[in-house]
Amino acid sequence: MHGQFDSKKEYACIKDRMEEEMTRRLLDQKDPRMYNKGDIFDKYSDTSEAHDFWHRIRNGERVSADWINISDFEKDFPQ
């Protein structure tokens with residue numbers, strides 16, 4: 001794990017604990033990414049009603065997506 005906090009010693013302990021926790025959880029869940037098999041996620045087909053939501057809504061289609069509110073859109077977004 002690399003980033004802007006690597007050089008900050010005061011964050012090192014927290015970062016290490018968080019990384020250990022994440023690794024433990026992913027191993028407990030037998031997450032394929034922990035076994036170099038993460039590409040399996042690229043093979044799943046998307047069957048949700050909101051598949052390709054961004055492109056479809058940008059083209060003016062009304063896509064059923066109850067997880068998004070009209071107020072979430074930019075003011076110039078076509079509706």
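I will try to describe carefully the structure that is included in this document. (Residues numbered from 1 in each chain as written. Predicted model: local features only at pLDDT ≥ 70, side-chain atom pairs only at ≥ 80, totals over all residues. Heavy atoms only, no water.)

1. Considerations on the overall build of the protein
Turning to step 1, where the next piece is worked out: Looking only at helices and strands, one finds 3 helices and 0 strands in the protein.
Turning to step 2, where the next piece is worked out: Every one of the 79 residues in the protein was classed for burial, and the buried ones make up 11%.
Turning to step 3, where the next piece is worked out: With the model as given, the accessible surface of the protein reaches about 7400 Å², and the carbon-plus-sulfur share is 51%. (Helix = DSSP H or I, 4+ residues; strand = E, 2+ residues; numbered from the N terminus. Buried < 20%, exposed > 50% of the residue type's maximum accessible area, 1.4 Å probe, protein only. Areas by Shrake-Rupley, 256 points an atom, 1.4 Å probe, with all protein chains shown as cover.)

2. Overview of the packing of aromatic side chains
Turning to step 1, where the next piece is worked out: Applying the stated criterion across every chain yields a total of 1 aromatic pair.
Turning to step 2, where the next piece is worked out: Summarising the aromatic geometry, the rings of Phe-41 and Tyr-44 are spaced 5.9 Å apart at their centres and angled 80 degrees between planes, so their arrangement reads as edge-to-face.
Turning to step 3, where the next piece is worked out: The exposure class of Phe-41 is partly exposed, given its relative accessible area of 37%. (Phe/Tyr/Trp six-rings, centres within 6.5 Å; stacked < 30°, edge-to-face > 60°.)

3. Points about unusual backbone geometry
Turning to step 1, where the next piece is worked out: Positive phi is not limited to glycine here, since Lys-30 has a value of about 55 degrees.
Turning to step 2, where the next piece is worked out: Within the element layout of this structure, Lys-30 appears in the loop between α1 (9-28) and α2 (40-43).
Turning to step 3, where the next piece is worked out: Of the residues examined, Lys-30 reaches a relative accessible area of 61% and is grouped as exposed.

4. Quick notes on the pattern of salt bridges
Turning to step 1, where the next piece is worked out: Applying the stated criterion across every chain yields a total of 6 salt bridges.
Turning to step 2, where the next piece is worked out: Salt bridges linked by common partners bring Glu-21, Arg-24, Arg-25 and Asp-28 together as one network. (Salt bridge = Lys/Arg side-chain N within 4 Å of Asp/Glu carboxyl O.)

5. Re α1
Turning to step 1, where the next piece is worked out: Its 20 residues place the ends of α1 29 Å apart at the C-alpha level, agreeing with the 28 Å of an ideal helix rising 1.5 Å per residue.
Turning to step 2, where the next piece is worked out: One or two positions beyond α1, positive phi appears at Lys-30, with a value near 55 degrees. (Expected span 1.5 Å × (residues − 1).)

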